[in-house]
Amino acid sequence: MKVREAVCALLREFELTTIFGNPGSTELPMLRDFPRDFRYVLGLQESIVVALADGYAQARHKAALVNLHSAVGVGHALGSIFTAYRNQTPLVITAGQQARSIMPYEPFLYSEQAAQLPKPYVKWSVEPARAADVPAAIARAYYVAMQAPRGPTFVSIPVDDWDQGCEPLAARAVSTRVGADPQLLASAAQALTQARRPVIVVGASVARNQAWDETIALAERHNAAVWVAPMSARNSFPENHRLFAGFLPADRSGIVKALAGNDLVLVLGAPAFTYHVEGHGPHVPQGAQLLQLTDDPAVAAWCPVGTSIVTDLRLGVAQLLALTTAAANAPTPLRTAPTIAARPPLRAPELLDDRYLMQMIAALRPAHSILVEEAPSSRAALHDYLPIIERDGFHTCASGGLGHGLPAAIGVALAQQDGAQPRRKVIALLGDGSAMYAIQGLWSAAALGTPVAFIIVNNRSYQALAEFGQHFGIATLPCVQLGGLDFCALASAQGLRARRVERAADLEAALSEVFSATVPMLLEVCVR
Ligand SMILES: Cc1ncc(C[n+]2csc(CCOP(=O)(O)OP(=O)(O)O)c2C)c(N)n1
């Protein structure tokens with residue numbers, strides 16, 4: 001059979017029949033006789049293509065397939081590939097390449113070191129030695145992408161390979177989860193049972209490994225306060241739970257201060273810890289023991305103190321539940337966050353601000369809706385006024401790279417459209433600066449008809465950077481003022497309905513409209 005037929009058959013078995021791509025001449029033969037059961041999702045620049053696929057894969061807890069244009073297309077995609085790597089999102093990324101017979105003559109579009117180009121931010125990368133090896137390369141790329149820790153893989157495919165002959169290849173069962181060392185886990189269980197006052201820190205792999213219920217049960221069993229790990233990209237614990245303690249800062253002394261008074265810090269599915277600023281001194285409070293369960297052996301290896309156990313989080317936490325008993329006198333957990341219900345509601349301000357916006361979104365958002373956030377300086381307001389209480393209800397990027405949120409939200413919404421039940425409304429909460437890294441993603445939302453509610457928090461600046469300047473003692477920066485951007489025009493130019501709000505009095509009606517829309521819609525909220 002031809003390589004194209006063998007690959008299509010394999011992709012069907014892997015449920016990879018949606019191709020997220022942006023085509024060029026070197027990819028066209030892949031698309032000949034495009035099968036009816038396949039779908040091509042077009043993104044208008046490669047960084048958007050990869051982020052679309054990232055959101056889609058995360059929402060489905062399955063791999064997604066990407067096709068990029070040879071060298072420059074991969075180059076455009078690199079930022080999003082880095083983010084997918086940090087997000088641990090399983091992506092099989094293919095890219096076109098020039099024909100094998102003319103490679104010696106440095107042809108137009110040739111990527112001389114194609115397999116090297118996306119490294120080190122792919123887990124495996126190859127340009128197969130022969131056309132006949134392409135199906136096996138794609139199969140391996142899929143299995144590696146799905147193995148823990150999940151992540152992107154890359155296959156460069158010369159344009160003339162698709163019509164060459166090859167042997168068919170059947171999909172195999174290859175395990176995707178790892179289990180803990182039983183001895184280490186037993187001693188961890190013992191330490192947890194004996195702890196006077198344990199505290200839990202949850203990270204994104206609790207959500208990625210679908211360990212939501214197990215984590216709640218473990219926290220309740222040990223009456224342990226639960227903090228969210230610094231910069232966590234997913235939600236892993238209900239923020240209205242009595243044991244929810246809040247969000248750890250990304251600096252060392254702040255973490256030690258927040259966790260002080262606990263004798264055991266159990267970190268689930270997170271690095272310990274992600275720092276954003278320089279810090280010194282201990283990593284955990286004096287006298288506290290650190291226990292980490294992580295699905296990433298590299299994260300286990302660089303953890304500075306304590307015991308690290310490599311395991312799938314769902315398996316590992318379920319085993320801890322099986323091995324531990326509740327402490328006889330469960331102590332009162334230290335320091336839980338004031339519940340949002342206990343916070344006095346904000347009155348409508350003269351000039352709109354992000355805190356009031358978050359409060360209104362919390363009040364009006366559709367039940368079960370999913371928030372995809374990329375609005376850096378509004379994080380604190382989000383934490384304080386917009387609680388995330390349901391599993392898989394929140395996404396942001398783990399890399400800190402802007403340009404992910406807008407297309408990722410479309411990918412998450414496409415997964416809802418594709419039959420995830422119940423269908424959940426997707427709200428993309430984006431800073432004005434962030435939105436501009438991927439604004440042409442709106443075109444894909446319009447083309448797909450995915451009913452994302454895009455909310456732009458327009459403060460006309462890179463506010464987070466203006467604020468971060470103070471950390472370095474810099475009062476004013478020459479590069480943080482935006483302004484002059486008309487998001488309604490940018491949206492309607494790409495086929496989206498759009499509306500702008502400047503006064504608090506108009507916010508409720510506008511939010512209600514964008515939340516009930518059955519098509520993608522953008523709401524630009526001008527805040528001070
Ligand atoms: C790809 C990329 N480039 C630059 C940055 C640095 N950066 C961090 S926050 C920020 C400002 C974002 O502005 P906006 O989305 O308007 O949100 P605000 O800070 O105003 O809340 C920038 C540029 C980044 N994180 N990623």
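Use the structure listed above.
Values in this document were obtained by computation on a predicted structure and should not be read as measured data.

Another point: the pairing of strand β7 (residues 198-202). Counting buried residues in β7 gives five out of five residues, a clear majority hidden from the surface. Residues of β7 alternate between two faces, with Pro198, Ile200 and Val202 on one and Val199 and Val201 on the opposite face, all of them buried. Examined bridge by bridge, β7 and strand β10 (residues 264-268) share five bridges and lie parallel to one another. Bridge pairing links Val199 to Val265 in β10. Where β7 lies against strand β8 (residues 225-228), four bridges are found, and the strand directions are parallel. Residue pairing in the sheet places Val202 in a bridge with Val228 of β8.

Here Ala148 and Pro149 are connected by a cis peptide whose omega angle stands at -15 degrees. When you line up the elements, Pro149 lands in the loop between α4 (134-146) and β6 (152-158). Ala272 connects to Phe273 through a cis peptide bond whose omega is 0 degrees. Here Phe273 shows up in the loop between β10 and β11 (289-294). In this structure, Asp392 is a non-glycine residue whose phi angle is positive, near 50 degrees. We note that Arg460 has phi near 55 degrees; this positive angle belongs to a residue other than glycine.

Our focus in this paragraph is the nonpolar core. Ranked by size, the top nonpolar core spans 45 residues in total, and within it Phe20, Leu68, Leu406 and Phe454 carry the most contacts. Core analysis: the next-biggest nonpolar cluster, separate from the first, contains 32 residues, Leu371, Ile388, Phe394 and Ala453 among them.

All right, on to the site of the ligand then. Taken together, 16 residues are adjacent to the ligand, and Ser377, Asp432, Gly433, Ser434 and Ala464 come closest. Here a nitrogen atom of the ligand sits 3.4 Å away from a polar atom, N or O, in the side chain of Tyr437. In the environment of the ligand, an oxygen atom lies 2.7 Å from a nitrogen or oxygen atom belonging to the backbone of Ala464. When isolated, the ligand has an accessible area of 590 Å², and the protein chains bury 78% of it.

Once that is clear, we can look at the packing of aromatic side chains. Enumeration according to the criterion identifies nine aromatic pairs in this entry. Ring geometry for Phe82 versus Tyr121: centroids 4.7 Å apart, planes at 85 degrees, classification edge-to-face. Of the two residues, Phe82 sits in helix α3 (residues 71-87) while Tyr121 sits in the loop between β4 (91-97) and β5 (125-126), which places them 39 residues apart along the sequence. Note on Phe82: relative accessible area 24%, which makes it partly exposed. Overall, the relative accessible area of 30% leaves Tyr121 in the partly exposed class. When the ring centre of Tyr385 is taken as origin, the NZ or CZ atom of Arg343, which lies over that ring, is 5.8 Å away.

In this section: the pattern of salt bridges. Opposite charge on two side chains allows them to pair when their charged atoms are near. Evaluated as defined, the whole model comprises 20 salt bridges. Between Arg379 and Glu373 there is a salt bridge; the shortest N-O distance is 2.7 Å. Look at Glu373 and you get buried, because its relative accessible area is 2%. A network of salt bridges, in which partner residues are shared, links Lys2, Arg4, Arg32 and Asp163.

The sheet built from six strands is open, its strands ordered β14-β13-β15-β16-β18-β17 with parallel pairing. Strands at the two margins of the open sheet, each flanked by one partner only, are β14 (394-395) and β17 (497-501). Across five bridges, the pairing between strand β13 (residues 370-374) and strand β15 (residues 426-431) is parallel. Of the residues in β15, the one forming a bridge with Ile370 is Val426. Helix α11 (residues 354-364) contacts β15, β16 (453-458) and β18 (521-526) of the sheet and is inclined by roughly 160 degrees relative to β16.

Attention shifts here to the environment of Ala9. Secondary-structure assignment places Ala9 in helix α1 (residues 3-13). Overall, Ala9 belongs to the partly exposed group, its relative accessible area being 31%. Remark: the alpha-carbon pair of Ala9 and Ala171, spanning 162 residues in sequence, is separated by 9.1 Å.

The six strands lie next to each other as β2-β1-β3-β4-β6-β5, forming an open sheet whose pairing is parallel. Every interior strand has two partners, whereas the edge strands, β2 (39-42) and β5, have only one. Relative to β2, strand β1 (residues 18-21) runs parallel, the two sharing four bridges. Along β2, the bridge assignment pairs Gly21 with Leu42.

Moving on to the environment of Gly75. Structurally, the position occupied by Gly75 is in helix α3. Using a relative accessible area of 35% as the deciding quantity, one classes Gly75 as partly exposed.

Mapped onto the elements of the fold, Val277 is located in the loop between β10 and β11. Given the relative accessible area of 19%, Val277 is considered buried. Separated by 194 residues in sequence, Val277 and His471 have C-alpha atoms that sit 9.0 Å apart. Apart from the residues lying within four places of it in its own chain, the contact partners of Val277 are Ala250, Asp251, Phe468 and His471.

Basis of the calculations
Residues numbered from 1 in each chain as written. Predicted model: local features only at pLDDT ≥ 70, side-chain atom pairs only at ≥ 80, totals over all residues. Heavy atoms only, no water. Buried < 20%, exposed > 50% of the residue type's maximum accessible area, 1.4 Å probe, protein only. Helix = DSSP H or I, 4+ residues; strand = E, 2+ residues; numbered from the N terminus. Pairing = 2+ DSSP bridges. Core = buried A, V, L, I, M, F, W, Y, C linked by side-chain atoms within 4.5 Å. Near = heavy atom within 4 Å. Polar contact = N/O pair within 3.5 Å; in protein donor to acceptor, adjacent residues only side chain to side chain. Areas by Shrake-Rupley, 256 points an atom, 1.4 Å probe, with all protein chains shown as cover. Phe/Tyr/Trp six-rings, centres within 6.5 Å; stacked < 30°, edge-to-face > 60°. Lys NZ or Arg CZ within 6 Å of the ring centre and 35° of its normal. Salt bridge = Lys/Arg side-chain N within 4 Å of Asp/Glu carboxyl O. Contact = heavy atoms within 4.5 Å. Axes fitted to C-alpha atoms, helices over the stretch in contact; angles between N-to-C directions.

By themselves, these are just geometric observations and shouldn't be taken as functional.
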